Amino acid sequence: MTTQPTPQRAELRRSNKRRLTRRRAVGTAGGALLLTGATLGASALLSPAGAATAAAAWPTPTGNKPVTKTIEVSGTYDGGLQRFYGSGDLGGDGQDEGQDPIFKLKDGAVLKNVVLGKPAADGVHCSGSCTLQNVWWEDVGEDAASFKGTSSGATYNVTGGGARKADDKVFQFNGAGKLNISGFQVSDFGKLVRSCGNCSQQYKRTIIVNDVDVTAPGKSLVGINTNYGDTATLRKIRIHGDSSKKIKPCIRYTGNSSGDEPKETGSGPDGTYCKYSASDISYP
């Protein structure tokens, strides 16, 4: 004989069923959240190291300072993030060779916290070892900076800062020694660094580019002369907006001292002159 449930028992069963259904729904949602978190964690672990690094924001100048005569620097010059721009005889912003710079640094000088506006003439000249710290070029003139020391022990350090709108070169390496560029950013440019291909006096030059953000359009990062023993080492380079990989990281040339156009002989890593591997260049 089957006993029919009372109305109270039937309602109790329905209530228990609703609670069980809710517990299952909560458990499913919790599992989904755990799975999502695990997936996000795995994605973060699998992401390229350079992809998470964003270029620093460009600074807002604290004021404007026209420069009619080259500022010569010995010791340390802190510009307080003012915008310096050429005026009068320094009012040119073309690609003519032989322009005077906004700043000329003596051996061992430090230039920091400076924004170079337009027109920027020939930017900054280093007569010997120098440090450019947190220096920004809003619109590169002939070159952003030229390194001219003649000692093989000269060291030029560019730390932080950035440059944009360089029709040709950002950094011109005419002298001897070692150039270190780190924590820098560049966009809309021709070449980031060029070892002089046809200077009347040639030297061996060492170039190290590390932790740099590059934004297309651009042509090349480094150009070196193998016949003078130049080397370029690239590490942690992030190239943005160049999915077709048109920007060449390192180009090799045969330089000369006669003023002739140097001959390009190759590009890409070779372990001797262009020192980097595929893992040193990322395309976030």
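Everything in this summary refers to the structure shown in the same document. (Residues numbered from 1 in each chain as written. Predicted model: local features only at pLDDT ≥ 70, side-chain atom pairs only at ≥ 80, totals over all residues. Heavy atoms only, no water.)

### Describing the nonpolar core
Judged by nonpolar contacts, the single largest core of 54 residues is most densely connected at F103, L105, L132, W137, F147, F171 and F184. For this core, the element with the highest residue contribution is strand β10 (residues 162–173), accounting for five residues. In contact with F147, not counting residues within four places along its chain, are C126, C130, L132, Y156, V158, F171, Q172, F173, N174, G175 and L179. (Core = buried A, V, L, I, M, F, W, Y, C linked by side-chain atoms within 4.5 Å. Buried < 20%, exposed > 50% of the residue type's maximum accessible area, 1.4 Å probe, protein only. Helix = DSSP H or I, 4+ residues; strand = E, 2+ residues; numbered from the N terminus. Contact = heavy atoms within 4.5 Å.)

### Side note on the environment of I102
With respect to the helices and strands, the residue I102 is situated in the loop between β3 (76–86) and β4 (103–105). Accessibility expressed as a relative area gives 0% for I102, which makes it buried. Once the C-alpha coordinates of I102 and L90 are considered, the two residues, twelve residues apart in sequence, prove to be 7.3 Å apart.

### Some points on the pattern of salt bridges
Per the counting criterion, the structure on display carries ten salt bridges. Residue K118 pairs with D139 through a salt bridge whose shortest N-O separation is 3.8 Å. Of this pair, K118 sits in the loop between β5 (109–116) and β6 (124–126) while D139 sits in the loop between β7 (130–137) and β8 (145–147); the two residues are 21 residues apart in sequence, bridging distant segments of the chain. The partner of R235 in a salt bridge is D280, and the shortest N-O contact between them spans 3.4 Å. One end of the pair, R235, is in strand β15 (residues 231–240); the other, D280, is in the loop between β18 (274–275) and β19 (281–282), with 45 residues separating them in the sequence. Judged by relative accessible area, R235 falls into the partly exposed class, the value being 35%. Linked through salt bridges whose partners overlap, the residues forming this network are D143, D168, K169 and K191. (Salt bridge = Lys/Arg side-chain N within 4 Å of Asp/Glu carboxyl O.)

### Examining the state of the cysteines
The full count for this structure, using the stated rule, is three disulfides. Residue C250 pairs covalently with C274 via a disulfide, S to S 2.1 Å. An S-S torsion of about -70 degrees defines the bridge between C250 and C274 as left-handed. Taken together, the positions of C250 in strand β16 (residues 248–254) and C274 in strand β18 put the pair 24 residues apart, joining distant regions of the chain. Regarding the disulfides, the chain carries the connectivity 1-2, 3-4, 5-6 under sequence-order numbering of its bonded cysteines. (Disulfide = S-S within 2.5 Å.)

### Digging into the environment of G88
With respect to the helices and strands, the residue G88 is situated in the loop between β3 and β4. Given the relative accessible area of 61%, G88 is considered exposed. Once the C-alpha coordinates of G88 and T68 are considered, the two residues, 20 residues apart in sequence, prove to be 5.3 Å apart.

### As for unusual backbone geometry
The amide bond that connects K118 to the next residue, P119, takes the cis arrangement and shows omega of 0 degrees. The residue P119 is located in the loop between β5 and β6 in this model. Omega for the peptide link from A216 to P217 comes to 5 degrees, which places this bond in the cis form. On the secondary structure map, P217 appears in the loop between β13 (205–215) and β14 (220–225). One non-glycine residue with positive phi stands out, namely L81, at about 60 degrees. Looking at where L81 falls in the secondary structure, it is placed in strand β3. In this structure, K245 is a non-glycine residue whose phi angle is positive, near 60 degrees. Topologically, K245 is positioned in the loop between β15 and β16.

### With respect to the environment of T265
Turning to its location among the elements, T265 is positioned in strand β17 (residues 263–267). The spatial distance from the C-alpha of T265 to the C-alpha of I251 is 7.9 Å, given a sequence separation of 14 residues. The contact partners of T265, leaving out residues within four places of it in the chain, are R252, Y253 and T254.

### Section: the side chain of N225
On the secondary structure map, N225 appears in strand β14. Classification of N225 as buried rests on a relative accessible area of 0%. When near neighbours in sequence (up to four residues on either side) are disregarded, N225 contacts R194, S195, C196, G197, Q202, R205, D230, Y253 and G255.

### Quick notes on the packing of aromatic side chains
Inspection of the entire model under this criterion finds eleven aromatic pairs. With 5.5 Å between their ring centres and 80 degrees between their planes, Y156 and F173 make a pair best called edge-to-face. Note that Y156 is positioned in strand β9 (residues 155–159) and F173 in strand β10, a separation of 17 residues in sequence. For F173, a relative accessible area of 0% translates into the label buried. Across from the ring centre of F173, 6.0 Å away, lies the NZ or CZ of R205, which sits over that ring. (Phe/Tyr/Trp six-rings, centres within 6.5 Å; stacked < 30°, edge-to-face > 60°. Lys NZ or Arg CZ within 6 Å of the ring centre and 35° of its normal.)

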